[in-house]
Amino acid sequence: MPDVNLLAVIVATVVAFVLSSTYYIALGDRLATVSEAAAAGEQPPPWTIAAELSRSLVVAAVVAGLASQTRTDEWTGGALLGLALWVGFPLVLWAGAMLHERAPWTLAAIHAGDWLIKLLVIAVIVSVWR
């Protein structure tokens, strides 16, 4: 993928991680009411930071590759790409979790919101900064 800017991927990874962390901190009390893991109130082990950064890096690299292949190079196109990816994947997956696993809709909405923010910001950054 010659049109992928590695620095943009790294910046998008870090920005997505910071925004996601901030999002979950802001919704921590609400999340604790619908998630046993969040209700436990335990500090996550340090390795989870590396795991989350790695997950964000993979997502940023994939979105950058898609932006490159679709020649998306404006923020509006990036936002549309992020929105399309969100509808096609996290939204559909969380709907399935609610239907088949009886995941509470509030838990699904919280996680879907995180993915919406993450995909939008990553897609805009890697689209504009090529």
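Quick caveat: nothing in here was measured; it's all calculated off a predicted structure. (Residues numbered from 1 in each chain as written. Predicted model: local features only at pLDDT ≥ 70, side-chain atom pairs only at ≥ 80, totals over all residues. Heavy atoms only, no water.)

Visitor: Could you clarify how one ought to interpret the layout of surface pockets in this entry?
Guide: If you roll a probe as big as a water molecule over the atoms, it shows you where there is empty space left. Approximately 190 Å³ is the volume attributed to the second largest pocket. Val-59, Val-62, Val-63, Leu-66, Leu-85, Phe-89, Pro-90, Leu-93, Trp-94, Trp-115 and Leu-119 together form the lining of the second largest pocket. Mapped by element, the contributors of at least two residues to the lining of the second largest pocket are α4 (47-69), α5 (75-100) and α6 (105-128). When residues of the lining of the second largest pocket are assigned to their parent elements, the largest contribution, five residues, is made by α5. Residues of the lining of the second largest pocket, tallied by class, amount to eleven nonpolar, no polar and no charged. (1 Å grid on protein atoms, 1.4 Å probe; cavity = no way out; pocket = protein on both sides within 12 Å on 5 of 7 lines; lining within 4 Å. Points joined across faces, edges and corners; volume = space filled by probe spheres on them. Helix = DSSP H or I, 4+ residues; strand = E, 2+ residues; numbered from the N terminus. Nonpolar A, V, L, I, M, F, W, Y, C, P; charged D, E, K, R; others polar.)

Visitor: Help me understand the pattern of salt bridges, please; the structure alone is not making it clear to me.
Guide: Proximity of charged atoms lets side chains of opposite charge pair with each other. One pass over the structure, following the stated rule, counts two salt bridges. Here Arg-55 and Glu-52 are joined by a salt bridge, their closest N and O atoms 3.1 Å apart. Of this pair, Arg-55 and Glu-52 both sit in helix α4, three residues apart, roughly one helical turn. Overall, Arg-55 belongs to the partly exposed group, its relative accessible area being 44%. Overall, Glu-52 belongs to the partly exposed group, its relative accessible area being 29%. Here Asp-114 makes a salt bridge to Lys-118, at a shortest N to O gap of 3.2 Å. Placement of the pair is Asp-114 and Lys-118 together in helix α6, with a separation of four residues, close to one helical turn. The same class applies to Asp-114 and to Lys-118, which are both buried. (Salt bridge = Lys/Arg side-chain N within 4 Å of Asp/Glu carboxyl O. Buried < 20%, exposed > 50% of the residue type's maximum accessible area, 1.4 Å probe, protein only.)

Visitor: Help me understand empty space enclosed by the protein, please; the structure alone is not making it clear to me.
Guide: Under the definition given, this model contains one cavity of 30 Å³ or more. Counted as a void, the largest cavity has a volume near 30 Å³. Every residue lining the largest cavity is listed: Asp-3, Val-4, Asn-5, Ala-8, Ala-64, Ser-68, Val-126 and Arg-130. Taken together, the residues of the lining of the largest cavity sort by class into four nonpolar, two polar and two charged.

Visitor: Please clarify how the packing of helix α1 (residues 6-26) against α6 should be interpreted in this entry.
Guide: Geometrically, a packed helix pair is captured by the angle between its two axes and the distance between the axes. Between α1 and α6, whose axes approach to 9 Å, the crossing angle comes to 155°. Judged by the angle between their axes, α1 and α6 are roughly antiparallel. Like other packed secondary-structure pairs, α1 and α6 cross with a definite hand, here right-handed. Of the residues in α6, those touching α1 at Ala-8, Val-9, Ala-12, Val-15, Ala-16, Leu-19, Ser-20, Tyr-23 and Tyr-24 are Ala-109, Ile-110, His-111, Gly-113, Asp-114, Ile-117, Lys-118, Val-121, Ile-122, Ile-125 and Val-126. For the contact of α1 with α6, the class distribution of residues is 15 nonpolar, three polar and two charged. (Axes fitted to C-alpha atoms, helices over the stretch in contact; angles between N-to-C directions. Parallel < 35°, antiparallel > 145°, perpendicular 65-115°, else oblique. Left-handed = near helix turned anticlockwise from the far one by under 90°. Contact = heavy atoms within 4.5 Å.)

Visitor: Just checking my understanding: could you explain the packing of α4 against α6 for this structure?
Guide: Relative orientation of the contacting elements α4 and α6 amounts to 50°, with a least axis distance of 9 Å. One finds that α4 runs oblique with respect to α6. The interaxial crossing formed by α4 with α6 has right-handed handedness. Contact residues: Arg-55, Ser-56, Val-59, Ala-60, Val-63, Ala-64 and Ala-67 in α4; Trp-115, Leu-119, Ile-122, Ala-123, Val-126 and Ser-127 in α6.

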